[in-house]
Structure formats: structure tokens, C-alpha cells
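Reading the structure
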Amino acid sequence: MTRQPHDQFAKQYLTELLTPHGQVEVSRELTSEVRQVDIWFLPTASKSTAAQEIGLLGQMASTACLLEPFRNATGIMAVRNCLLKLFALYSDLQRKARREQNPVSETDLPCLWILSPSCSAQLLNGFAAKLSDSGDWVAGVYFLPEWFNTALVAINQLPVTEETLWLRILGRDKTQSQAINELLALPVGHPLRGNILEILANWRIKIDKIEESEDLTEDERELIMNLSPAYLRWREETLEQGREQGKEQGNLEGQRLMVENLLAGRFGTVDKELSRTIEPLMQLPITERTQVLLNLSRQELLERFGDSRLD
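In this report, the structure presented in the accompanying data block is examined. (Residues numbered from 1 in each chain as written. Predicted model: local features only at pLDDT ≥ 70, side-chain atom pairs only at ≥ 80, totals over all residues. Heavy atoms only, no water.)

Glancing now at the overall build of the chain. Helix and strand counts for the chain come out as 13 helices and 7 strands. The 311 residues of the chain split such that 45% are buried. Taking the intrachain contacts of the chain between residues at least 6 apart in sequence as the baseline, contacts between residues at least 24 apart amount to 62%. By element, 50% of the accessible surface of the chain is carried by carbon and sulfur atoms, the whole surface being about 16000 Å². (Helix = DSSP H or I, 4+ residues; strand = E, 2+ residues; numbered from the N terminus. Buried < 20%, exposed > 50% of the residue type's maximum accessible area, 1.4 Å probe, protein only. Contact = heavy atoms within 4.5 Å. Areas by Shrake-Rupley, 256 points an atom, 1.4 Å probe, with all protein chains shown as cover.)

Now the structure itself:
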């Protein structure tokens, strides 16, 4: 069981928020040495006003950028490694520009945003990172000297507003807990609420799987506490949605649709392998079926309910 659920969550979470506004590439490899940036984002040619929905994150992603989210407070070497990735990408872009005889201007170069739950005064001073003088950026966003095209975002210092909500969910301790409560308080019809709630719930499920095979760290126990309200609300709303669908479409058909929706919600799509689990799952009592769908991994579902016979 991987012990990097935050890395997986952060990539899925940021991809979900940014995809409507441009091209997202996860774990982009850089050719100078095998390195990967967590998120490489290119905004669409026509600026989308919908980017305002994600507030400060949308402001950061108004131009091409790299996003490097950290679960723990960023250290000196972590910042240096992020800068190495940025400069390696610049070299890649310059080589491509020479091949295509199309020079790259400074304004075309992407920015680097390092997202950290907190930043020490020593770290900020050491990299000469300062708040913006322009007044265009909120507190908590610290810019390195101009030609670095880099900023450190101290998530715990961001003002508690809806504009910063989507970044504060990536924080820790009380910062993250409060942001999740704000997410839950959004109207059910909010365009981002449902998908983000589902991603948070799946993060909680992955942490639970670690608990089954290994002792949890203190950080993972904190995560379970922070994510539990999102998980419980998602489960409650998913069950209610299934009940409503059952009323509308007939009990058996509605229950089958709920199974398909839960599988699709957790694993992205219901492929041929997963589709073989639907009929066996339908034979379970509804309470047991729901627990199985919410808690078992894909492999566990296939081993327990999948039909291994080839068509």
C-alpha cells in the first residue's frame, strides 16, 4: 500500500479544479534528467471567466504554470528541487523553440507555485521571498526575486475567504478542517462541491486501507479526523441519490444504477472487468452492498465479485 496518498490526492484534486480551464498534464517528465513535476498546466487560449470559481487558484493558473503541492511544510532542499524542475523545463522549452525556430519570450515561460501548508520565516528570508507590492495578491503568497518566476504559498496564512477555499483544502490541521467544513456548507448544487467531496472521500478510503495493513502515522490519524466529515456527507448524499433514483426508475433498476454510479464515481469508469461485479453485488443486502462499494479497493472488488471467465 502506497504511503503517498496526499500526492495522489493533490494531483487528482488540482486536475479536477483546473481541467475546465485548460490543459493539465500530471507527472510530466523532464528530459535533462528523469524528473517529474506534479502538475503542468496550460490555460485555454480564450480566458475563461469560469476560472473565477476557483478563486486564488484560478488567478495563479491564468498563465502557464507548474504546481507543486506538499503535505508537510516545505524545506530548503524541497524548494531547490522544485526550482531545478522549473529550470529543466525552461531548457526543454528552449530546445524545442530552437528546433522549431520559434523563440521563447520571458512572458511565455511558466511560473512555479510551491503550495506548502506553512512556510517558516527562515525559509522565506533565505529565498528572499516577499509579499507582492502590487496589491494584486492576498497575504500568504510570497514571491521569489523576479527572474525566478516562483512563489511560495503558505496555505495557513491565506485569508479565510471563499476565494482561497480551494487552496486551504490542501492545508493541514485546523486550516484543512475549517476549509472542509466550508466546502460542506456550500449549496448541494454548487458546480464544484460534489466532485471535490467525492475526491476527499476517496482519499479517506485510501487512508483506511493503510490502517488495515500498517500502523497509521500521527499525520494519517489527523487526516482521518479531517476527512471524516467529508466522507460521511458524501456517503449520505450518495445513498440519498440512490434512493431517489430508485423511486424514479423502479426499485431494482434504481439500485443497479446506484451500484454503477458508485463504481464510476470511485474508479472513473465502469470497464468490462468492473461490470462483471455488478450482478454479484446486486445479490447482497443493500446495507452490506453499500459498505462494500464504499470501502473495497478495485482489486478487492474484482477478487471477491469479479467473474474471471473470459468472454
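Having seen the model, we can carry on.
Summed over all chains, the structure comprises 6 aromatic pairs. Each ring, one from F87 and one from Y90, has its centre 6.1 Å from the other, and the planes form 55°; the classification is tilted. In this pair, F87 and Y90 both sit in helix 3 (residues 76–100), 3 residues apart, roughly one turn of the helix. Accessibility expressed as a relative area gives 35% for F87, which makes it partly exposed. Under the relative-accessibility criterion, Y90 is labelled buried at 10%. With a centroid separation of 5.9 Å and an interplanar angle of 75°, the aromatic rings of W113 and F143 are classed as edge-to-face. Of this pair, W113 sits in strand 4 (residues 111–116) while F143 is found in strand 6 (residues 141–143), placing the two residues 30 residues apart along the sequence. (Phe/Tyr/Trp six-rings, centres within 6.5 Å; stacked < 30°, edge-to-face > 60°.)

Moving on, we come to the environment of R276. Relative to the helices and strands, R276 resides in the loop between helix 10 (272–275) and helix 11 (278–282). Judged by relative accessible area, R276 falls into the partly exposed class, the value being 21%. Taking C-alpha positions, R276 is 5.3 Å from G306, a pair spaced 30 residues apart along the chain.

Turning our attention to helix 1 (residues 5–18). Helix length check: helix 1 (14 residues) gives 20 Å between terminal C-alpha atoms against 20 Å at 1.5 Å per residue, within 8%. Taken together, the buried positions of helix 1 are occupied by P5, H6, F9, A10, K11, Y13, L14, L17 and L18. (Expected span 1.5 Å × (residues − 1).)

Another aspect to go through is the environment of H6. Position of H6 relative to the elements: it lies in helix 1. Residue H6 is classed as buried on the basis of its relative accessible area of 8%. Each C-alpha atom, one on H6 and one on I207, is 9.5 Å from the other, the two residues being 201 residues apart in sequence. In this view, H6 contacts P69, F70, R71, L170 and W203; residues no more than four positions away in its chain are not counted.

In this structure, Y13, L67, L115, W166, I169, I196 and L200 are the most contacted members of the largest nonpolar core, which totals 65 residues. Top contributing element to this core by residue count: helix 7 (residues 193–213), with 8 residues. If near-sequence neighbours (up to four positions away) are discounted, I169 is found in contact with F9, Y13, Q176, A179, L183, I196 and L200. Counting residues in each nonpolar core, the second largest holds 23 residues, with L93, C119, L144 and A154 among its members. (Core = buried A, V, L, I, M, F, W, Y, C linked by side-chain atoms within 4.5 Å.)

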